[in-house]
Amino acid sequence: MKRFALASVLSVLLTGCFTTVTPTVFNWTLSPETEVSGASKSPKLGEVRLAVVSVRAPFDGKSIAVLRPDGSMAFDAYNQFASVPSALVKGSALDVLRGTGLFRGVQPSITTADVDTSLELMVDEFALDCRKSGERKAFVRLTLAMVRHRQVVAVGRATAAAGTDDGNYSKAFGTAFARALSDAAAQLVKE
């Protein structure tokens, strides 16, 4: 009888462990626009190497950073990046920079080609902007520096945002990133 009572109590207690529904965690990537609006048909700058790509803390975590109306920041436990943003933006940056048509060529940091001009990309903010009531946008702020013979020869700074109304964070962050990087790259030509 004691065994039956103990088994009954244990089965009731353990039932909750086996029937709870775990919330779904979504993993997002970057899906930047491959065609850059206003892309140059003839390169204005030579061959470059994308030497450095970094994302400032605390935006380089897998959980999406959320900017709140009160100035604080939260991290979304259910919407995450598939990898840390610094890894995601590296390949996307190559695609976007090549798509601008501003450069004769854009090489990755691992190239063995003799390229005397480098680009250094610092992503200053990479977050979901919820600071305005009723608005939710992917927000990117970045700085792109062109370096030749260890001297900074031009700097471009840009911000961009893209709506997330369709719920596709890959598209929204990719679009905001592509717009900001294209705008920053265009500033390199003006200097």
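Right, let's walk through the structure included here. All residue numbers refer to position in the chain's written sequence, counted from 1. Per-residue local features of the predicted model are confined to residues with pLDDT of at least 70, and side-chain atom pairs are confined, for both listing and counting, to 80 or more; whole-chain, interface and lining totals are unaffected and use all residues. Only hydrogens and water are set aside; all other atoms, that is, all heavy atoms of the structure, feed into the side-chain values.

### Observations concerning the environment of A158
So, point 1. Helix and strand assignments come from DSSP, with helices taken as H or I runs of at least 4 residues and strands as E runs of at least 2, each series counted from the N terminus. For A158, the position within the fold is in strand β8 (residues 151-163).
So, point 2. Throughout this description, buried means an accessible area under 20% of the type-specific maximum (1.4 Å probe, protein chains only), exposed means over 50%, and partly exposed covers the range between. The class of A158 is buried, set by a relative accessible area of 11%.
So, point 3. In the structure, A158 is positioned 23 residues away from L181 in sequence and 7.0 Å away in space, judged by C-alpha atoms.
So, point 4. Contacts are assigned to residue pairs that have any heavy atoms within 4.5 Å of one another. Filtering out sequence-adjacent residues up to four positions away, A158 remains in contact with V140, R141, L142, A180, D183, A184 and Q187.

### Considering the pattern of salt bridges
So, point 1. Salt bridge, as applied in this entry: a Lys or Arg side-chain nitrogen positioned within 4 Å of an Asp or Glu carboxyl oxygen. A complete count under the given rule lists seven salt bridges for this structure.
So, point 2. A salt bridge links K171 to D166; the shortest N-O distance between them is 3.8 Å.
So, point 3. For K171, a relative accessible area of 46% translates into the label partly exposed.
So, point 4. Salt bridges sharing partners connect three or more residues here, namely R56, D124, E125 and R141.

### Some remarks on the packing of aromatic side chains
So, point 1. We call Phe, Tyr and Trp rings a pair once their centres come within 6.5 Å, taking the six-membered ring for Trp, and we label the pair stacked below 30 degrees between planes, edge-to-face above 60, and tilted otherwise. One pass over the structure, following the stated rule, counts five aromatic pairs.
So, point 2. Judged by centre distance (6.1 Å) and plane angle (25°), the ring pair of F26 and W28 falls under stacked.
So, point 3. Considering the side-chain rings of F81 and F173, the 5.2 Å spacing of their centres and the 80° angle between planes classify their relative orientation as edge-to-face. On the criterion of sequence distance, the pair formed by F81 in strand β4 (residues 73-81) and F173 in helix α3 (residues 169-190) is long-range, its members being 92 residues apart.
So, point 4. Owing to a relative accessible area of 1%, F81 belongs among the buried residues under this scheme.

### Section: α3
So, point 1. A rise of 1.5 Å per residue sets the reference length of α3, with its 22 residues, at 32 Å; its end C-alpha atoms lie 32 Å apart and thus fit the reference within 8%.
So, point 2. Two N or O atoms count as a polar contact when they lie within 3.5 Å, although within protein this holds only if one can serve as hydrogen donor and the other as acceptor, and sequence-adjacent residues are included solely when both atoms are side-chain atoms. Looking at where α3 begins, the residue whose side-chain oxygen comes 3.1 Å from the main-chain nitrogen of S170 is N168. Residue count minus one, scaled by 1.5 Å, sets the expected span of a helix.

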